[in-house]
Amino acid sequence: MTTYGEHKNFFAIPEDADDFEPGKGDFVVQVRDEKGTYWLSKPVFADQEITAEDLQLSK
């Protein structure tokens, strides 16, 4: 399963979606800052390890 730190938010793409591939999904992380809460997502494969740069969380 795809992980980033303690996050394990992998959502598989449904088989009837145009961009479906076996094992492909979206990894979603909730981020809070002084302006509010938002979500970052990245298309990934289930066994892929991702980094902050992948999610554009680098500071």
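A. A look at the overall build of the chain. Scanning the chain from N- to C-terminus turns up zero helices and three strands. Ordered by position from the N terminus, the helices and strands of the chain form the series β-β-β. Every one of the 59 residues in the chain was classed for burial, and the buried ones make up 20%.

B. Geometry of the sheet that holds strand β1 (residues 10-12). Taken together, the three strands give an open sheet; going across it, the order is β1-β2-β3, and neighbouring strands pair in antiparallel fashion. Each edge of the open sheet carries a strand with a single partner, namely β1 and β3 (36-45). Averaged over all neighbouring strand pairs, the angle between strand axes comes to 30°, with direction disregarded. As defined by bridge partners, β1 adjoins strand β2 (residues 24-33) across three bridges and the pair is classed as antiparallel. Across the sheet, the residue bridging to Phe10 is Phe27, located in β2.

C. The nonpolar core, seen in detail. In terms of nonpolar packing, the biggest core is built from eight residues, these being Phe10, Phe27, Val29, Val31, Leu40, Val44, Ile50 and Leu55. Per-element tally for this core: the top contributor is β2, with three residues.

D. Just the pairing of β2, in detail. Bridging between β2 and β3 involves ten bridges; their strand directions are antiparallel. If you follow Val31 over to β3, its bridge partner there is Tyr38. Where β2 hands over to β3, the hairpin turn is made up of two residues, counted between the paired strands.

Thresholds, definitions, all that
Residues numbered from 1 in each chain as written. Predicted model: local features only at pLDDT ≥ 70, side-chain atom pairs only at ≥ 80, totals over all residues. Heavy atoms only, no water. Helix = DSSP H or I, 4+ residues; strand = E, 2+ residues; numbered from the N terminus. Buried < 20%, exposed > 50% of the residue type's maximum accessible area, 1.4 Å probe, protein only. Pairing = 2+ DSSP bridges. Axes fitted to C-alpha atoms, helices over the stretch in contact; angles between N-to-C directions. Core = buried A, V, L, I, M, F, W, Y, C linked by side-chain atoms within 4.5 Å.

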